[in-house]
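Spelled out, the chains give:
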Amino acid sequence: MTQKEKMISRGQLFCFIIQSQIGVGILSLPFKLSETAKGGGALSVLIAGIITQLVIILLWVLLNKFPGLNLFSICLQIGGPIIGRILIIAYIGYFVLLGSNVMFSAVEVLQRWMLQTTPRWAILALFSIMTLYLAREKLTVLARFFTLATVLFVPLILFVSYGLTQAHLELMLPLLENGFWNIMNGVKDSAISMYGFEMMLIVYPLSEGTNNQRLMTISLASGFVTLLYVFVVSTCLMVFNSEQIKLIPEPVIYLVKSLNFYIVDRADILFLPIWAITLVCSIVSYCYAASIGLSVLFKRKNHKNFTPFVKISTFMIALAPVTPAGFHLFDTAATYASYVFIAGLSMMLLMVSLFMKRKAGGLA
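These numbers were taken from a predicted model, which means no experiment stands behind them. (Residues numbered from 1 in each chain as written. Predicted model: local features only at pLDDT ≥ 70, side-chain atom pairs only at ≥ 80, totals over all residues. Heavy atoms only, no water.)

Trainee: Go over the overall build of the protein, please, and point to the residues and values.
Mentor: Check the secondary structure of the protein and you find 16 helices and zero strands. The C-alpha radius of gyration of the protein comes to 20 Å, within 12% of the 21 Å expected for a compact globule of 364 residues. Taken along its principal axes, the extent of the C-alpha atoms in the protein is 60 × 45 × 40 Å. A buried classification covers 54% of the 364 residues belonging to the protein. Within the protein, residue pairs in contact and separated by at least 24 positions form 83% of the contacts whose partners lie at least 6 positions apart. Looking at the protein as shown, the accessible area adds up to about 16100 Å², and 69% of this sits on carbon and sulfur atoms. (Helix = DSSP H or I, 4+ residues; strand = E, 2+ residues; numbered from the N terminus. Rg over C-alpha atoms; globule rule 2.2 N^0.38 Å. Buried < 20%, exposed > 50% of the residue type's maximum accessible area, 1.4 Å probe, protein only. Contact = heavy atoms within 4.5 Å. Areas by Shrake-Rupley, 256 points an atom, 1.4 Å probe, with all protein chains shown as cover.)

Trainee: So, the packing of helix H2 (residues 10-21) against helix H14 (residues 268-297): which residues are in play, and what are the values?
Mentor: Their axes nearest at 7 Å, the elements H2 and H14 cross at an angle of 100°. Put simply, H2 runs roughly perpendicular to H14. Seen from H2, the contacting residues are Phe16, Gln19 and Ser20; seen from H14, they are Thr278, Cys281, Ser282 and Ser285. (Axes fitted to C-alpha atoms, helices over the stretch in contact; angles between N-to-C directions. Parallel < 35°, antiparallel > 145°, perpendicular 65-115°, else oblique.)

Trainee: Would you mind going over the nonpolar core in detail, with residue names and values included?
Mentor: Formed by 124 residues in total, the largest nonpolar core has its most connected members in Phe72, Tyr91, Phe95, Phe127, Phe271 and Trp275. A total of 22 residues in this core trace back to one element, the largest contributor, which is helix H5 (residues 71-113). Excluding anything up to four places from it in sequence, Phe95 contacts Leu71, Phe72, Glu198, Met199, Ile202, Tyr286, Ala289 and Ala290. (Core = buried A, V, L, I, M, F, W, Y, C linked by side-chain atoms within 4.5 Å.)

Trainee: I'd love a proper account of the packing of aromatic side chains, names of residues and values included.
Mentor: Considering all chains together, one arrives at 17 aromatic pairs under this definition. Following the ring pairs from residue to residue traces out a cluster consisting of Phe72, Tyr91, Tyr94, Phe95, Tyr286 and Phe341. Over the ring of Tyr204 we find Arg214; its NZ or CZ atom is 4.2 Å from the centre of that ring. (Phe/Tyr/Trp six-rings, centres within 6.5 Å; stacked < 30°, edge-to-face > 60°. Lys NZ or Arg CZ within 6 Å of the ring centre and 35° of its normal.)

Trainee: If you had to explain the layout of surface pockets to someone new, which residues and values would you point to?
Mentor: Each pocket or cavity is described by its volume, and for the largest pocket that value is around 1100 Å³. Secondary-structure elements contributing two or more residues to the lining of the largest pocket are H2, helix H3 (25-36), H5, helix H9 (180-193), H14 and helix H16 (324-353). Element by element, the count of residues in the lining of the largest pocket is highest for H16, at 10 residues. The residue makeup of the lining of the largest pocket, split by class, is 17 nonpolar, 14 polar and eight charged. (1 Å grid on protein atoms, 1.4 Å probe; cavity = no way out; pocket = protein on both sides within 12 Å on 5 of 7 lines; lining within 4 Å. Points joined across faces, edges and corners; volume = space filled by probe spheres on them. Nonpolar A, V, L, I, M, F, W, Y, C, P; charged D, E, K, R; others polar.)

Trainee: Describe empty space enclosed by the protein, listing the residues and the values that go with them.
Mentor: Under the counting rule described, the total for this entry stands at two cavities of 30 Å³ or more. Computed from the structure, the largest cavity encloses a volume of approximately 140 Å³. If you list the elements that add at least two residues to the lining of the largest cavity, you get H3, helix H8 (153-161), helix H11 (211-239) and H14. Tallying contributions element by element places H8 first for the lining of the largest cavity, with four residues. Residue composition of the lining of the largest cavity, by class: 12 nonpolar, one polar and no charged. For the second largest cavity, the full set of lining residues is Tyr91, Tyr94, Phe95, Glu198, Leu201, Phe341, Ile342 and Ser346. Those elements that provide at least two residues to the lining of the second largest cavity are H5 and H16. Residue composition of the lining of the second largest cavity, by class: six nonpolar, one polar and one charged.

Trainee: Report on the state of the cysteines, specifying residues and quantitative values.
Mentor: Cysteine pairs can be covalently joined through their sulfur atoms, and such a bond is termed a disulfide. A full pass over the atoms with the stated rule returns zero disulfides. Cysteine Cys75 is unpaired, with the sulfur of Cys287 as its nearest cysteine sulfur at 19 Å. A relative accessible area of 0% means that Cys75 is categorised as buried. (Disulfide = S-S within 2.5 Å.)

Trainee: Quick one: what's the story with the side chain of Ser234, residue by residue and with numbers?
Mentor: Looking at the secondary structure, you find Ser234 in helix H11. Side-chain polar atoms of Ser234 contact the backbone oxygen of Val230, separated by 2.7 Å. Apart from residues lying up to four places away in sequence, Ser234 is in contact with Ala42 and Met172. (Polar contact = N/O pair within 3.5 Å; in protein donor to acceptor, adjacent residues only side chain to side chain.)

Trainee: Go over the side chain of Thr217 with me, naming the residues and quoting the values.
Mentor: Examined against the element boundaries, Thr217 turns out to sit in helix H11. For Thr217, a relative accessible area of 8% puts it in the buried group. Polar contacts involving the side chain of Thr217 include one to the main-chain carbonyl oxygen of Gln213, which spans 2.9 Å. Not counting the four nearest positions on each side in its chain, Thr217 is found in contact with Arg10, Leu13 and Phe14.

Trainee: Before we move on, can you summarise the packing of H3 against H9 with the specific residues and values?
Mentor: In the contact formed by H3 and H9, the axes pass within 9 Å of each other and the chain directions differ by 165°. Here H3 is positioned roughly antiparallel relative to H9, judged by the angle of their axes. Relative to H9, the crossing made by H3 is right-handed. On H9, the residues that touch Gly25, Leu29, Lys32, Leu33 and Thr36 of H3 are Asn182, Gly186, Asp189, Ser190 and Ser193. A class-by-class count of the residues in the contact of H3 with H9 yields two nonpolar, six polar and two charged. (Left-handed = near helix turned anticlockwise from the far one by under 90°.)

Laid out in structure tokens, this is it:
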């Protein structure tokens, strides 16, 4: 297969980033922001979106310093054979942890709203089988599936939009009710829900277009996610008052469930399976990234044989927490890992690369 055949289009890159970013966080974000920012929750999301755009630009600068190389190859270029491999192992662990966290959170939501008596291991096994089948494929196959799955955003947006029929704008006002500092505290929760854009470090070298065109595509994808989150958060804050939303961990699902479509008694039964497809895409992207890291680490051209090991790892990690304290610890670990590997380690690689005189070449 030629390198040209391995490239994904800008449209596919757009859909890939969107599907990687949108996960479980969109369902609970209005609840989290109501505790901190209250009516200013939408402002928290907007500020988080702006910060995300800045981080994307910095990651783009790093990728441009090493044309044709992905994150793992860049680690070898900067750190050498020993430190570089340590960095690769660390990033593989990060992607496995994030994939496990998304899968675990998805199962928790599904058990609360649909599958109360189904064992957690059974739902995790189903997610693992689905994502294993996809994650072992080539990037072009993933990109086509992600593009097809993006069509499902239309019914999801329509479901939430119908909630505007019960919206009251005054429930959001005043926007600065809880103070600007609390709005900034809400930025943290919003930013956590937007992780996934770091997949650009893996797929950027295998996408079509000039550097500026690819940056624009990724920025537009992240902008779309930001606007979608603003819309969802604003709708929930206009439908539920401050006392009601405190009692609903997933306001988006409750909103859809409470709507009367006349021919459909429980719209959330339709909403959740559609939303689950987006979760599958998010899990697949992390497992694919971890498998690519293993192929680079062991100097193999194909990541296919490493995917089962990644899936077994994500399954076991997601199955491990059994108590509320364990759930909280798992979620906290994933949160801080994101800070370390996106805002910390990636920026450190960028700083080191600025002192390197020679540009790296070659294909990822």
